Amino acid sequence: MGSLAPKSVLMICGDYMEDYEAIVPFQALQAFGLRVDCVCPGKNSGDKCLTAVHDYMGRELYTELPGHLFPLNANFNDVKPELYEALVIPGGRFTELFSLDNKVLNVVTGFALAGKPIVTTCHSQLLLVAAGLIKGRRCTAFPSLKSVVGFAGGVWSDPEPVNKCVMDGNFISAIGWPAHADLLGLLLGSMKSKISGGQNKSVLFLCGDYVEDYEVNVPFMALGALGCRVEAVSPTKKSGETCVTAIHDFEGAQVCSEKSGHYFRVTADWDDVRVDDYDCVVIPGGRSPEFLVTHDKVIKLVEEFAEKDKVLAAVGQGQWVLASAGLLKGKRCASGYGIKAIVKATGGELLDCDEGSLAHGKFLTATGWPALPCFISDLVGLLGINITF
């Protein structure tokens, strides 16, 4: 993967922004070779924003749960729109506050007047409304904003299906995080990227309940944005059923905390999986690998991927599955503290690497979700996909 010139994207953040809607573009765009500056009025680089998990959990409206702590890496007061190629605004309740902030609205207006791509999801279209930018423009948003868009002179459009975006000129809008693959693909196209090698690649994700929230969704969406066919299976679930995810974050204790995350939907039936149909298997971490290793059919499937010289990739505790299949002997691994003893006991070679991701032939390992930008970049390279700007 290469870039003819470095490009940068600005993300406006705030407390209780939607967790996925912040982390997916942040990590995926970095994996694609872009710099992403995350800023928040009233906070400085190094400060953290609280995030929120929004998902339907059996109630009439989505449930809000606490998400990860999201660190900022730039200062809002230093922002110059002319230095960026695109603007991303996640959804979440912070947009209600910032819709009254003239400094924020001036930044958004600067991107709009320059014709640069502006990405809004779920509720962040409210900033376009507040800045007076929506008149005559097609967009979508969370359904509660339909009348607001209409009153502001916008043209409401229902995406079909809901995991697709609406694009009108330099405005890219989505109902929410399920549309991330399409959103990222449209943004890359708007930034004049050239992607080769992704259309004929297929990737299989192995998951179960309490799979790590970021480690399954970020690479799943990122690879989908590049044109890969991505599927997710679980040994005891059917296509359309969901896995509950786990949020693992460092909040000051000796080990990471765990909280409930989003639901992640299985997209294929286990019995329909044929290794020859895929180029790669990805095993995210979390606690689901403890479940996966108890199923012989999981171990046999992973062994077959290895026998057929496919790419095998694991993040964090996902390496447990490779270890149980006897595939780590002599392999160099990037491992977090939670899996190091298992990797070492099964013959793996523990190496420290600054990026947190390490390839050994067609084996790819990463320490955990903070290393996902490097992990995805390495995986894209192993699959023979090339991205240039």
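Residues numbered from 1 in each chain as written. Predicted model: local features only at pLDDT ≥ 70, side-chain atom pairs only at ≥ 80, totals over all residues. Heavy atoms only, no water.

*Asks:* Explain the overall build of the chain to me, and be specific about the residues and the numbers.
*Replies:* In terms of helices and strands, the chain carries 12 helices and 24 strands. Over its C-alpha trace the chain gives a radius of gyration of 21 Å, about what one expects of a compact globule, namely 21 Å for 389 residues. By principal-axis analysis of the C-alpha atoms, the chain measures approximately 60 × 45 × 40 Å. Residues counted as buried form 56% of the 389 residues belonging to the chain. (Helix = DSSP H or I, 4+ residues; strand = E, 2+ residues; numbered from the N terminus. Rg over C-alpha atoms; globule rule 2.2 N^0.38 Å. Buried < 20%, exposed > 50% of the residue type's maximum accessible area, 1.4 Å probe, protein only.)

*Asks:* Account for the pattern of salt bridges, naming residues and giving values.
*Replies:* One pass over the structure, following the stated rule, counts 11 salt bridges. Here lysine 237 ties to aspartate 209 by a salt bridge, and the two come within 3.5 Å at their closest N and O atoms. Of the two residues, lysine 237 sits in the loop between strand S15 (229-233) and strand S16 (242-249) while aspartate 209 sits in the loop between strand S13 (202-206) and strand S14 (211-212), which places them 28 residues apart along the sequence. Accessibility expressed as a relative area gives 32% for aspartate 209, which makes it partly exposed. (Salt bridge = Lys/Arg side-chain N within 4 Å of Asp/Glu carboxyl O.)

*Asks:* Any details on the sheet that holds S14? Residues and values, ideally.
*Replies:* Strand order in this open sheet of three strands is S14-S16-S17, and the pairing throughout is mixed. Both edges of this open sheet fall to S14 and strand S17 (257-265), since each of them pairs with a single strand only. With seven bridges joining them, S16 and S17 adopt antiparallel strand pairing. The residue of S17 that forms the bridge with threonine 242 is arginine 265. (Pairing = 2+ DSSP bridges.)

*Asks:* Mind laying out the pairing of strand S1 (residues 8-12), listing which residues take part and the relevant values?
*Replies:* Two faces make up the sheet, and in a regular strand the side chains alternate between them. When you tally the buried positions in S1, you get five out of five residues, the bulk of the element. Of the pairings in the sheet, the one linking S1 to strand S3 (residues 35-39) comprises five bridges and is parallel in character. Bridge pairing links valine 9 to valine 36 in S3. Across three bridges, S1 lies against strand S6 (residues 86-89) in parallel orientation. Looking across to S6, one finds that valine 9 is bridged to alanine 86.

*Asks:* Go over the environment of valine 273 with me, naming the residues and quoting the values.
*Replies:* For valine 273, the position within the fold is in the loop between S17 and strand S18 (280-283). Sequence separation between valine 273 and valine 233 is 40 residues; the distance between their C-alpha atoms is 8.4 Å. Look past the residues within four positions of valine 273 in its chain and what remains in contact with it is Leu204, Val233, Tyr278 and Leu301. (Contact = heavy atoms within 4.5 Å.)

*Asks:* Account for the layout of surface pockets, with residues named and values stated.
*Replies:* Taken as a whole, the largest pocket holds about 1,000 Å³ of empty space. Contributing to the lining of the largest pocket are 33 residues, with Asn163, Trp177, Pro178, Ala179 and Met221 lying nearest its centre. Mapped onto the lining of the largest pocket, the elements with two or more residues apiece are strand S4 (48-55), helix H6 (180-190), helix H7 (213-225) and S17. Residue contributions to the lining of the largest pocket peak at five residues, all from H7. (1 Å grid on protein atoms, 1.4 Å probe; cavity = no way out; pocket = protein on both sides within 12 Å on 5 of 7 lines; lining within 4 Å. Points joined across faces, edges and corners; volume = space filled by probe spheres on them.)

*Asks:* Tell me about the packing of aromatic side chains, and name the residues and values.
*Replies:* Considering all chains together, one arrives at eight aromatic pairs under this definition. On the numbers, 5.5 Å between centres and 85 degrees between planes, the contact of phenylalanine 94 with phenylalanine 98 is edge-to-face. Of this pair, phenylalanine 94 and phenylalanine 98 both sit in helix H2 (residues 94-98), four residues apart, which is roughly one turn of the helix. The same class applies to phenylalanine 94 as to phenylalanine 98, namely buried. (Phe/Tyr/Trp six-rings, centres within 6.5 Å; stacked < 30°, edge-to-face > 60°.)

*Asks:* Describe the packing of helix H1 (residues 19-31) against H6, listing the residues and the values that go with them.
*Replies:* Two numbers describe how H1 lies on H6: the axes approach to 11 Å, and their chain directions differ by 45 degrees. Regarding the angle of H1 to H6, the classification is oblique. The way H1 lies across H6 gives a crossing that is right-handed. Contacts between H1 and H6 involve Tyr20, Glu21, Val24, Pro25, Ala28 and Leu29 from the first element and His180, Leu184, Leu187 and Leu188 from the second. Of the residues belonging to the contact of H1 with H6, the class tally is eight nonpolar, one polar and one charged. (Axes fitted to C-alpha atoms, helices over the stretch in contact; angles between N-to-C directions. Parallel < 35°, antiparallel > 145°, perpendicular 65-115°, else oblique. Left-handed = near helix turned anticlockwise from the far one by under 90°. Nonpolar A, V, L, I, M, F, W, Y, C, P; charged D, E, K, R; others polar.)

*Asks:* Could you give an account of the UniProt feature "domain: DJ-1/PfpI" (unreviewed entry) in the chain, naming the residues involved and the relevant values?
*Replies:* Under the UniProt annotation, "domain: DJ-1/PfpI" (unreviewed entry) lies at residues 7-183 and 201-380. Helix makes up 26% of residues 7-183 and strand 27%. Its end C-alpha atoms lie 18 Å apart. The annotated region residues 201-380 carries 28% helix and 28% strand content, and the separation between its end C-alpha atoms amounts to 10 Å. (UniProt positions renumbered as here; feature names shortened; annotations may be inferred.)

*Asks:* Hey, could you go over the state of the cysteines for me, with residue numbers and the actual values?
*Replies:* The final tally for this structure, using the stated rule, is zero disulfides. Free cysteine cysteine 122: the closest other cysteine sulfur is in cysteine 165, separated by 12 Å. For cysteine 122, a relative accessible area of 7% corresponds to the buried category. (Disulfide = S-S within 2.5 Å.)

*Asks:* Hey, could you go over H6 for me, with residue numbers and the actual values?
*Replies:* Of the positions making up H6, those classed as buried are His180, Asp182, Leu183, Leu184, Leu187 and Leu188. Buried-residue contacts for H6 involve H1, S6, strand S7 (118-121), strand S11 (171-174), strand S12 (194-196) and H7. Note on H6: the residue one or two positions beyond its end, lysine 192, has a positive phi of about 65 degrees.

*Asks:* Talk me through a negative patch on the surface; I want residue IDs and the actual numbers.
*Replies:* A surface patch of negative charge is lined by Asp352, Asp354, Glu355 and Asp378. Inspection of the secondary structure puts aspartate 378 in helix H12 (residues 372-382). (Patch = residues over 30% accessible without salt bridge, like charges linked within 9 Å, V, L, I, M, F, W, Y side chains within 5 Å. Areas by Shrake-Rupley, 256 points an atom, 1.4 Å probe, with all protein chains shown as cover. Lys, Arg positive; Asp, Glu negative; His and termini not counted. Charge placed at Lys NZ, Arg CZ, Asp CG, Glu CD.)

*Asks:* Tell me about the packing of H1 against H12, residues and numbers included.
*Replies:* Two elements in contact, H1 and H12, have axes separated by 8 Å at closest approach and are oriented at 45 degrees. Compared by their axis directions, H1 and H12 come out oblique. As for the relative orientation of H1 and H12, their crossing is right-handed in sense. When H1 is examined against H12, the residues Gln27, Gln30 and Ala31 are found in contact with a partner set consisting of Leu372, Pro373, Ile376 and Ser377. Looking at side-chain class alone, the contact of H1 with H12 contains four nonpolar, three polar and no charged residues.

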